[in-house]
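Next come the chains, spelled out residue by residue.
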Amino acid sequence: MRASTLLRFGPAALLAAMLVPAQAQPGFQANDPNTFVNAAQAALNDMSQGKAEDIWKEASAEMKKIDKRAAFVKNSAERYKDVGPAQQRVWVAINRLVMPQPAKDAKGLQPPAGQYVNVTFLSQFANNRSGFERVTYFLDPDGQWRVMGFALR
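Residues numbered from 1 in each chain as written. Predicted model: local features only at pLDDT ≥ 70, side-chain atom pairs only at ≥ 80, totals over all residues. Heavy atoms only, no water.

J.: Talk me through the environment of Lys64; I want residue IDs and the actual numbers.
T.: Within the secondary structure layout, Lys64 lies in helix 3 (residues 61-66). Taking the C-alpha atoms as reference points, Lys64 and Met148, 84 residues apart in sequence, are found 8.4 Å from one another. In this view, Lys64 contacts Trp56, Lys57 and Ala59; residues no more than four positions away in its chain are not counted. Within polar-contact distance, the side chain of Lys64 engages the backbone oxygen of Lys57 at 2.9 Å. (Helix = DSSP H or I, 4+ residues; strand = E, 2+ residues; numbered from the N terminus. Contact = heavy atoms within 4.5 Å. Polar contact = N/O pair within 3.5 Å; in protein donor to acceptor, adjacent residues only side chain to side chain.)

J.: Give a description of the nonpolar core that names residues and reports values.
T.: Counting 32 residues, the largest nonpolar core has Phe36, Phe72, Val119, Tyr137, Val147 and Phe150 as its most contacted members. Elements that contribute at least two residues to this core include exactly helix 1 (33-48), helix 2 (52-58), helix 4 (69-81), strand 2 (86-99), strand 3 (114-125), strand 4 (130-139) and strand 5 (145-152). In this structure, Val147 is in contact with Ile55, Ala59, Ser60, Met63, Val135, Thr136 and Tyr137, ignoring residues within four places of it in sequence. (Core = buried A, V, L, I, M, F, W, Y, C linked by side-chain atoms within 4.5 Å. Buried < 20%, exposed > 50% of the residue type's maximum accessible area, 1.4 Å probe, protein only.)

J.: Before we move on, can you summarise the pairing of strand 4 with the specific residues and values?
T.: By the bridge criterion, nine bridges tie strand 3 to strand 4 in an arrangement that is antiparallel. Following the sheet pairing, Leu122 is matched in strand 4 by Phe132. The antiparallel hairpin formed by strand 3 and strand 4 contains four residues in its connecting segment, where Asn128 sits at a positive phi of about 70°. Sheet topology places strand 4 next to strand 5; seven bridges connect them, and they run antiparallel. Bridge pairing links Glu133 to Leu152 in strand 5. (Pairing = 2+ DSSP bridges.)

J.: Summarise helix 4; cite the residues concerned and give the values.
T.: When the terminal C-alpha atoms of helix 4 are compared, their 18 Å separation across 13 residues agrees well with the 18 Å that a helix rising 1.5 Å per residue should span. Within helix 4 the residues assigned to the buried category are Phe72, Ser76 and Tyr80. End-on view of helix 4: buried residues confined to an arc of 50°, all on one side of the axis. Exposed positions of helix 4 whose direction lies more than 90 degrees from the buried face are Ala70, Lys74, Ala77 and Lys81. (Expected span 1.5 Å × (residues − 1). Arc of directions from axis to C-beta.)

Set out below in structure tokens:
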């Protein structure tokens, strides 16, 4: 990832985020980074509380083509099994990417062409472990940003 594609915010802006009540995340329109941070935090709360199916129902159709419901729910539960729910999340980065049409001779799974936003958090979990959580959003053709994927490292 190139530094020019990454928006970094100073330490004063990296405040410990309060956990938002869990709820399914429908699509939304946004140009403001705070909107993405709030939506990602709510989606991660749902995910860590075992509400992956609710997230999947509201996710981008592009994600649903790649990640079927049963696999998404199972993988999400396994992702948080060892670390437990997050006790604290601090967002550390937001980046926006524009992916071109994959080459016709590209091999393997290629991300769909379009606009993406990644929101990354440094998280402290119930078992006193920490890690990075990332929510990826995709701008669907109807102009709504929807969940495209999650990562926990």
